[in-house]
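Observations on the model geometry
Given next are the chains, with one letter for each unit.
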Amino acid sequence: MNQQPIRVRFAPSPTGMLHIGGLRTALFNFLFARHNNGKFLLRIEDTDKERSQQQYTDAILNTISWCSMTPDEPVVIQSERQQEHLRVAEQLVHEQKAYYCYCTPEELQRRIAQTTVNGITYSRYDGFCKKFIGQKLDKPFVIRFAVPADCTQVVVDDAIKGQITFSSDAFDDFILVRSDGAPMYNFVVVVDDAFMRISHIIRGEEHLINTPKQILLYQACGYPVPTFGHLPLILGPDGTKMSKRDSAANAYDYKERGYLPEALCNYLVRLGWSHGDQEIFSFPEMIAAFSLNAISSKGALFDTQKLDWVNSMHIKALSADVLYTYMKQVMQLPLDTHLPGLSLQTLYALIDQYKQRCVTLQQLYHELVNIHAQPANYEIAQLTFEEKKLLDSLITNLVVTEFTHEHLKKMIKVFCHTQEIKLGDLGPLIRVALTGKKDAPGIYDLMVALGKEETLTRLRNYYARF
Ligand code: GLU
Ligand code: ZN
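Everything numeric here is computed off the predicted structure, so don't read it as measured data.

Another point: the overall build of the protein. Looking only at helices and strands, the protein features 18 helices and 14 strands. Radius of gyration (C-alpha) of the protein: 31 Å, far over the 23 Å computed for a compact globule of 466 residues. Taking the principal axes of its C-alpha atoms as reference, the protein extends roughly 105 × 40 × 40 Å. Within the protein, the fraction of its 466 residues that count as buried is 49%. Taking the intrachain contacts of the protein between residues at least 6 apart in sequence as the baseline, contacts between residues at least 24 apart amount to 75%. Computed over 49 positive and 52 negative side-chain charges, the inter-centroid distance for the protein is 1 Å.

What follows is the structure in structure tokens.
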């Protein structure tokens, strides 16, 4: 195991919105750093000029900050380090660990052969220009890495997947710098990770294929080789890799849809990682419990229903004022304009009721807007003569009742007794009168939350319809 101070990084490419799998990678790095009192860093890998866009960088950083994963050092922008990448490439050439390759596309057609290793087909350059090592010709060139002649295999000691051996037949003298002077991904990642003194590289499994080449580069550059850990894929509901186009894939959408960052991260941390039977974690609990050893090496299925359940559990656990502030400040929902005249006390009482029944904060918000308005439609649209009479005497009784949970409960009990009816028959009537719906919070809580005046108004309005 690596003995350096623990420093990890999340290194997204700003070529699209942050994928849910990317957020999980960021989270695992963040938790690993915090658990080990290490540093969590961010690097924006914007070397692909055509596909990188500032708007994606902004969106990625926003999503990370929404989840409170604050980096411990300034964000590194890869494109700003290009001079340094080129300097290291020239240094490797100078040390004869890399060479200029002058082959034209036509020549390459001849020089590149296909090899199949373990059922995978690779293109291999035959090393023709290696003979020019130490010379510079006046022709366009790429810089190729010279895979050491004695290298027959590279062993990756993966902290998650275990030991994986790659035969050197699987790679050739790969390109470090393209003919237009742009350094290539495998190379810049190594130079930057060494510059940032990264001790552990935790990233998606799709990068495992690059790891042997990167290890060779670490060795060639004389950098200490970090520990690697490759996270298994997140699979869509059909068991195949979740694509960027999948509707569940964009991490930022979850903010707008009213998922709490702690809930989303809780759900993501359990995707391929476990800690006994515990399902619900706060951020401090995730940090305390996290370890790389408990990560499964198999792909994990994305399950929206479970995410919804986890979110509902986190919503329930928060107090009304915290939920209110979050909806207002983070989700920027127009609570004050849509709920005019509602006292904060009533609003909190309603939030406390409805948070028990909501999966997302968007839903909670809509419930609040709904309940704030007098019902426009009633799910029970017909009342019998007896029901009307019942409603009338209920109103009379409520006028003289103190509006606490306890008093209301007592009053309704006596009322049902004297009227010789069951609470089960009265409850739906009250709920429909107050909310329009049969499915609503308990009647006492609802009445307390709405307050006496509003409750009586709604009951009278309902009564007056028939
Ligand atoms: N920039 C790469 C990506 O977004 C990650 C590279 C790495 O983690 O080594 O997939
Ligand atoms: Zn060549």
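In this section: the coordination of the zinc ion (ligand 2). Reference values for coordination geometry: four tetrahedral donors around a metal ideally subtend 109.5 degrees, six octahedral donors ideally subtend 90 or 180 degrees. Those protein atoms acting as donors to the zinc ion (ligand 2) are C101 (SG), C103 (SG), Y125 (OH) and C129 (SG), and they sit at 2.0 to 2.3 Å. Positions of the donor residues of the zinc ion (ligand 2) along the chain correspond to the pattern C-x1-C-x21-Y-x3-C. Note that C101 is positioned in strand β4 (residues 98–101) and Y125 in strand β6 (residues 120–125), a separation of 24 residues in sequence. Both residues of the pair, C101 and Y125, count as buried.

Right, let's get into the pattern of salt bridges. Taken as a whole and judged by the stated rule, the model has 19 salt bridges. The shortest N-O distance in the salt bridge between R270 and E279 comes to 3.0 Å. Since its relative accessible area comes to 18%, R270 is described here as buried. Here E279 falls in the partly exposed class, since its relative accessible area comes to 24%. Residues E367 and K437 are paired through a salt bridge, measuring 3.8 Å at the closest nitrogen-oxygen approach. Placement of the pair is E367 in helix α14 (residues 361–372) and K437 in the loop between α17 (423–435) and α18 (443–464), with a sequence separation of 70 residues. One salt-bridge network, held together by shared partners, links R9, R43, E45 and D193.

Surrounding ligand 1, one finds R9, A11, P12, S13, E45, Y185, V189, R203 and H207. Between ligand 1 and the protein, one listed contact pairs an oxygen atom with a side-chain N or O atom of R203 at 2.7 Å. About the coverage of ligand 1: the protein hides 81% of its 300 Å² of free accessible area. Residues of the shell around ligand 1, tallied by class, amount to four nonpolar, two polar and three charged.

This part is about the sheet that holds strand β7 (residues 142–145). Taken in spatial order, the three strands make up an open sheet running β4-β7-β10, and their pairing is antiparallel. This sheet does not close on itself; its edge strands, each paired only once, are β4 and β10 (175–177). Ignoring strand direction, the axes of neighbouring strands in this sheet form an average angle of 40°. Both β4 and β7 contribute to a ladder of four bridges, which runs antiparallel.

What follows deals with the packing of helix α15 (residues 385–399) against α18. For any two helices packed against each other, one specifies the inter-axial angle together with the distance between the axes. Interhelical geometry of α15 versus α18 gives an angle of 145° and a closest axis separation of 10 Å. Considering only the axes of α15 and α18, their crossing is left-handed. Contacts between α15 and α18 involve K388, L391, D392, I395, L398 and V399 from the first element and M447, K452, L456, L459, R460, Y462 and Y463 from the second. A per-class count over the contact of α15 with α18 returns nine nonpolar, no polar and four charged.

We describe a pair of aromatic rings using the distance from one ring centre to the other and the angle between the two ring planes. With the rule as written, the count across this model stands at 17 aromatic pairs. Ring geometry for Y102 against F132: centres 5.7 Å apart, planes inclined by 70°, an arrangement best described as edge-to-face. Here F132 lies in the loop between β6 and β7 and Y102 lies in the loop between β4 and α4 (105–111), a separation of 30 residues in the sequence. Note on accessibility: Y102 and F132 belong to one class, buried. Chaining the aromatic ring pairs together yields one cluster made of Y100, Y102, F128, F132 and F141. In this structure, R81 packs its charged tip against the face of F195, placed 3.8 Å from the ring centre.

This part takes up empty space enclosed by the protein. Throughout the structure, instances matching the rule amount to one cavity of 30 Å³ or more. As for the largest cavity, its lining consists of V93, A98, Y99, Y100, F132, I133, G134 and Q135. Per element, the largest residue contribution to the lining of the largest cavity is three residues, and it comes from β4. Taken together, the residues that form the lining of the largest cavity break down as six nonpolar, two polar and no charged.

Here is what the cut-offs are and how they apply
- Residues numbered from 1 in each chain as written.
- Chains lettered and ligands numbered in written order.
- Predicted model: local features only at pLDDT ≥ 70, side-chain atom pairs only at ≥ 80, totals over all residues.
- Heavy atoms only, no water.
- Helix = DSSP H or I, 4+ residues; strand = E, 2+ residues; numbered from the N terminus.
- Rg over C-alpha atoms; globule rule 2.2 N^0.38 Å.
- Buried < 20%, exposed > 50% of the residue type's maximum accessible area, 1.4 Å probe, protein only.
- Contact = heavy atoms within 4.5 Å.
- Lys, Arg positive; Asp, Glu negative; His and termini not counted.
- Charge placed at Lys NZ, Arg CZ, Asp CG, Glu CD.
- Donors = N, O, S within 2.8 Å, 3.2 Å for Na, K, Ca; no water.
- Salt bridge = Lys/Arg side-chain N within 4 Å of Asp/Glu carboxyl O.
- Near = heavy atom within 4 Å.
- Polar contact = N/O pair within 3.5 Å; in protein donor to acceptor, adjacent residues only side chain to side chain.
- Areas by Shrake-Rupley, 256 points an atom, 1.4 Å probe, with all protein chains shown as cover.
- Nonpolar A, V, L, I, M, F, W, Y, C, P; charged D, E, K, R; others polar.
- Pairing = 2+ DSSP bridges.
- Axes fitted to C-alpha atoms, helices over the stretch in contact; angles between N-to-C directions.
- Left-handed = near helix turned anticlockwise from the far one by under 90°.
- Phe/Tyr/Trp six-rings, centres within 6.5 Å; stacked < 30°, edge-to-face > 60°.
- Lys NZ or Arg CZ within 6 Å of the ring centre and 35° of its normal.
- 1 Å grid on protein atoms, 1.4 Å probe; cavity = no way out; pocket = protein on both sides within 12 Å on 5 of 7 lines; lining within 4 Å.
- Points joined across faces, edges and corners; volume = space filled by probe spheres on them.

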